[in-house]
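Commentary on secondary and tertiary structure
Residue-level listing of the chains:
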Amino acid sequence: ADPLVLDSSFQMLILWSFEQFHAASLPVFAGRYRQFQERFPDNGVEVRVRMISSNQHRAVADIDFVDPANESLVARLENYECVIDASLNATFQRNKLTGVA
C-alpha cells in the first residue's frame, strides 16, 4: 500500500466535509482494504469516492484508487467512516505552517 495515497484520500474527505457541512472530519473506521496490483503505479492514481451515507455528524464511503493510464482498479478501501464535528475546526485552523514564503 502507499501510505501517502491513502492519507491523501482521507484529506479529500476532510475537504468534502468542509464543503458540505462547514465542519472538519476525522477518520474513525475502515471496513476493508484490498489491493489488486502488487504496487501503486509510478504515474499516480485517481481517487474516486462513492458516498454511501452522510449527515452533519458522520459519513461513510467506499474509496477506489484507479490507474488513470488504463482505468484499472489498483486498490479499494471499503466502508471508510469519518466523524464530522465543527468543534474540530479550531484545531484544524491552528495546524498551519508559519514563516513560509
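Analysis parameters
Residues numbered from 1 in each chain as written. Predicted model: local features only at pLDDT ≥ 70, side-chain atom pairs only at ≥ 80, totals over all residues. Heavy atoms only, no water. Salt bridge = Lys/Arg side-chain N within 4 Å of Asp/Glu carboxyl O. Buried < 20%, exposed > 50% of the residue type's maximum accessible area, 1.4 Å probe, protein only. Helix = DSSP H or I, 4+ residues; strand = E, 2+ residues; numbered from the N terminus. Core = buried A, V, L, I, M, F, W, Y, C linked by side-chain atoms within 4.5 Å. Contact = heavy atoms within 4.5 Å.

So, the pattern of salt bridges
Inspection of the entire model under this criterion finds nine salt bridges. Note that Arg 39 and Asp 42 form a salt bridge whose closest N and O atoms lie 2.3 Å from each other. Exposure remark for Asp 42: the relative accessible area of 71% places this residue in the exposed category. With a shortest N-O distance of 2.7 Å, Glu 71 and Arg 48 are connected by a salt bridge. With Glu 71 in the loop between β4 (58-67) and β5 (72-85) and Arg 48 in strand β3 (residues 46-54), this residue pair connects regions lying 23 residues apart in the sequence. Relative accessible area serves as the criterion here: at 48%, Glu 71 is assigned to the partly exposed category. The class for Arg 48 is partly exposed, based on a relative accessible area of 30%. Salt bridges here are not isolated pairs; linked through shared partners, they connect Arg 50, Asp 62, Asp 64 and Arg 76.

Notes on the nonpolar core
Counting 14 residues, the largest nonpolar core has Phe 40, Ile 63, Phe 65, Leu 77, Tyr 80, Cys 82 and Ile 84 as its most contacted members. Residue assignment for this core shows that the elements contributing at least two residues are α1 (3-21), β4 and β5. Broken down by element, the residue count for this core peaks at six residues, all from β5. Look past the residues within four positions of Ile 63 in its chain and what remains in contact with it is Ser 9, Leu 13, Val 47, Arg 48, Val 49, Ala 75, Arg 76, Leu 77 and Tyr 80.

That's the geometry; what it means functionally is another story.
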